[in-house]
Amino acid sequence: MKFWCYSSVSEDLGCRRGEFSRKHYGSVELLISSDADGAIQRAGRFRVENGSSDENTDYTPGTWCRTDVHLENPEYHTRWYFKYFLGKVHQNYVGTDAEKNPFFLSVVLSDQNNQRVPQYRSILWKKTGTQKICLPYSPTKTLSVKSILSAMSLDKFEKSPREILHPEIQKDLLVLEEQEGSVNFKFGVLYAKDGQLTDDEMFSNETGSESFQRFLSLMGDTITLKGWTGYRGGLDTKNDTTGICSVYTVYQGHEIMFHVSTMLPYSKENKQQVERKRHIGNDIVTIVFQEGDESSSAFKPSMIRSHFTHIFALVRYNKQNDSYRLKIFSEESVPLFGPPLPSPPVFTDHQEFRDFVLVKLINGEKATLETPTFAQKRQRTLDMLIRSLYQDLMPDLHKNMLNRRSFSDVLPESPKSARKKEEARQAEFVRLGQALKLKSIVKGDAPTSLAATGLCKKEPWESQCFCNNFPYEVVCADSWGQSLLVSTDVGVLLIDDGQPSIQVFDKTLQVKQMHVLEALDLLITRADRGKDSRLLVFRLSAVQKGIETKQMAKNKYDCRENKLEKTKGCHLYAINTHHSSELRIVAAIRNKLLLITKKYNRCNSLTNASLMSPPSESPVEEFQYIREICLSDTPVIMTLVDGPTGDNDNMICVAYRHQFDLINESTGESYRLHHVEASRVNFVAVIDVYEDGEAGLLLCYNYVCCYRKLCPFNGGSPLVQPSASDFHFSWNQVPYSVVCAFPYILAFTTDSIEIRLVVNGNLVHTAVVPELQLVASRLDIYFKATAVAIGSSNSSSKETSSKSSPQTPIAHETPEFPLSSTEGEVRYKNLYKIPLSNLVGRSIERPLKSPLVPKVIATPMPSGITSVPVTHSLSLSRMEIKEIAIRTRKELLGLLDEPVPKSEGVQKQKKLPRKQSDHKHGAIRSTSSDRIISSSFERNSEGRHLSTSSDPDTSLLPFKHLAEKPRTSGGLIAPV
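Criteria and cut-off values
- Residues numbered from 1 in each chain as written.
- Predicted model: local features only at pLDDT ≥ 70, side-chain atom pairs only at ≥ 80, totals over all residues.
- Heavy atoms only, no water.
- Helix = DSSP H or I, 4+ residues; strand = E, 2+ residues; numbered from the N terminus.
- Buried < 20%, exposed > 50% of the residue type's maximum accessible area, 1.4 Å probe, protein only.
- Areas by Shrake-Rupley, 256 points an atom, 1.4 Å probe, with all protein chains shown as cover.
- Axes fitted to C-alpha atoms, helices over the stretch in contact; angles between N-to-C directions.
- Parallel < 35°, antiparallel > 145°, perpendicular 65-115°, else oblique.
- Left-handed = near helix turned anticlockwise from the far one by under 90°.
- Contact = heavy atoms within 4.5 Å.
- Nonpolar A, V, L, I, M, F, W, Y, C, P; charged D, E, K, R; others polar.
- Polar contact = N/O pair within 3.5 Å; in protein donor to acceptor, adjacent residues only side chain to side chain.
- Salt bridge = Lys/Arg side-chain N within 4 Å of Asp/Glu carboxyl O.
- Pairing = 2+ DSSP bridges.

## As for the overall build of the chain
When helices and strands are counted, the chain shows 17 helices and 48 strands. Counting only residues that meet the buried cut, the chain has 55% of its 976 residues in that class. Put simply, the chain shows about 43200 Å² of open surface, and 50% of that area lies on carbon and sulfur atoms.

And the structure:
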């Protein structure tokens, strides 16, 4: 028998969960500034981010630790009303809750980006903010307003909701959505010479150095303010009262104006430079460019007298290695925001530095708006607007409104004359909505779509096609080396990429749950159902031997020696994920918990297998039963939590009824962890995470995910009182499974993957994946999804490859509602894989060989479908990446010279001079008022300026034909 080296399960899981630590985002310090004489001027508490690296440490090539750069809560994912409602037929309702506070509800039936996934999108407008959810569409079941509000935890009303029929309500609701924050930004830029310690000295600098000018050129383009028609950021564009020039750019559709201290008006008589401070002092975010080497006096935020600026980005330039060093100061009340600084925070790639700084500052300003100071102001404004709108609608409450019980049918069943009237109203409703949408685009206030600048960028969540045309129903699965052990309706199969599947167990053994533990040479399963359900344990080496010798698949009778006694009737089990000294299993049999352990010596596990007598095929005798614990009800979810010492302080978290409880494994005592205040509870997951070595739990139910940190145990009892580190956030759609891969947390629904950040719950990406089923997630993430290919004998591999992965349309594709299934369309399901190493941001040691014997066998594929070579950017050398980038740039340069085709309602974009219009964002008008297009140009990773659209529904990009090229990743998930 062939042996191989096993990797550590706990190490792999530790990598998957990552080092869940807020220290990656800096630590709070008391910063005190003093003048040249040493007298204390001001003090303040700021969170300092320095990349966990000593400021005086020189940058060493090859030691840079990467960090993923993403805009958090991007507008093209969060501004639902503009994107999905405005200009489309939808319904709006008004009502008052039990406390007599008015609210508005908007509902639309939409398609998820051409993926044949109709669903309801709902927005609830309240004084505390907006709440957004997606609900599944059923052609046979109507959806009522009451059921939607109940899903949003609003069950009691003072006045029942009534529908608002007049079209003008769209303008008011658009104003409510705009209260979430501006889509454009203004950042201050302050130039500081070496040795300057006060803000008066910094603001009095008339000109900057050569390195400062290069930094400004990197950030954006110098524009003339007089006559400027783009976003002005509060600067005067008529009379030059705020300077002659400024720096402006567009990043992923966001217009950014920089308030540069040396470009604002200077006054020799005014030492405080009030005119400069009036602009920079009122910016939420300010960049401080400081001259001098690292040993010179460092900048401190307390040097600047401003009650409004919450974030400072300190930039230093090193001429020796042509690099930038970055340091971030955030006021203590600002929530955590990414991306975290790399270690060390030194950037030799200037384009990479520009992208990082802009994303960091945009995310920082958004995070600042959640501080108590800004949040309270926004809540007061939102409450005033909602109440004012409600009062305006009161006179028409009975005249122009009707109370519909359901909005499943857009057109109500009514007499023919009334139906025509309703159709005319809807036509006017849509016309006004489209006019409002175009007006927002022309003004530059439209939420942006995903920019097309990152053509060569590989996102961490991009998937690879693991198995084409998988015809079986999946029950459960787990990773085994680079293979996948899958329980299906035809038995348990071992699948590897590029090889035929091998049956391990036949269908008489119905496996409902499984864990493959390579380090322990164990396979744990729960098989059968009801009273016959049991836990079975197998040696992986014995299973491996059966595969190598091509034995017949085992049946239920062959596995009788592998049953764990006392587990009959088990409906659920859980194991500890960080088993350092022993494996713990908890089996639930109705309301009874059975604790089982297995002792093992890690160091001698392989020695015993090779030098001593071979162990028996069944490891049942190695397990011991510890105790039974009785609960008050049957658990729905269980998770084992490791205590800090592992000595009588391990816990079990169980979910049942309307609560999450902690159970002490040693004593059986129960502690209330969290009570769910909802009429209906759908428990999703309990995930154990360890922040700086201390246990915490992510509790997921309904639309909610909340984090509870378990304080150190006191006398065997956990302290579960509310902690300052606790937080919660809401998903846009109820997930059926949640996976944590730090820094990300992924929610899987029936048709989408919602990706957020663990530390703050901010949305990063939403991917539409039709008929999605999560298969395995203990290590690499595997899922099953529908892929659609148009069956044609003449279809080329280029055409079919673009159809063979579950992906949404690229941002510049024109959205259309799905067509009915056409003749020749083949619908099949593939297995896809998201590598764990991509998500956690570093490679994982995997010395495991595949349990399957290596053979060069082509995977059977459906007619007309060909495989697509998968390229992993993480495994490419710098030279290879550079060559790919150069080739891509040459292709883009050639494509840019081609004429852009016109389409209905869209005018051909004009070619603008470089320095005057590369970053100009505005509307290009044609002679017809109906032909308006918003254009914006920005840099891609090669420095080329590409066009991005403000709205995919009303614009066209010049690279539409790029979508027809085969992708480099077999299962790329595109954004919504």
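## Brief notes about the packing of helix H5 (residues 169-178) against helix H10 (residues 372-393)
Relative orientation of the contacting elements H5 and H10 amounts to 170°, with a least axis distance of 10 Å. The pairing of H5 with H10 is recorded here as roughly antiparallel in orientation. Read as a crossing pair, H5 and H10 show a hand that is left-handed. Residue-level contacts link Ile169, Asp172, Val175 and Leu176 of H5 to Leu382, Leu385, Ile386, Leu389 and Leu393 of H10. Of the residues in the contact of H5 with H10, the class split is 8 nonpolar, no polar and 1 charged.

## Here's the deal with the side chain of Arg778
Mapped onto the secondary structure, Arg778 falls in the loop between strand S43 (773-776) and strand S44 (781-790). There is a polar contact of 3.5 Å between the side chain of Arg778 and the backbone oxygen of Ser479. There is a polar contact of 2.4 Å between the side chain of Arg778 and the backbone oxygen of Val516.

## Quick notes on the pattern of salt bridges
Following the criterion strictly, the structure yields 28 salt bridges and no others. The closest approach of N and O atoms between Asp200 and Lys277, which form a salt bridge, is 2.6 Å. Of this pair, Asp200 sits in helix H6 (residues 199-203) while Lys277 sits in helix H8 (residues 274-280); the two residues are 77 residues apart in sequence, bridging distant segments of the chain. In this structure Asp200 comes out as partly exposed when scored by relative accessible area, which is 23%. Judged by relative accessible area, Lys277 falls into the buried class, the value being 18%. Three or more residues joined by partner-sharing salt bridges are found here, namely Arg79, Lys132 and Glu180.

## Things to note about the pairing of strand S13 (residues 311-318)
Burial within S13 is extensive, with 7 of its 8 residues counted as buried. Alignment of strand S12 (residues 285-290) against S13, held across 5 bridges, turns out to be parallel. Bridge assignment links Val288 to a residue of S13, and that residue is Leu314. As paired elements, S13 and strand S14 (residues 323-331) share 8 bridges and run antiparallel to each other. In the strand pairing of S14, Val315 is matched with Leu326. With antiparallel pairing between neighbouring strands as the criterion, S13 and S14 make up a hairpin whose turn holds 4 residues, including Asp322 at a positive phi of roughly 50°.

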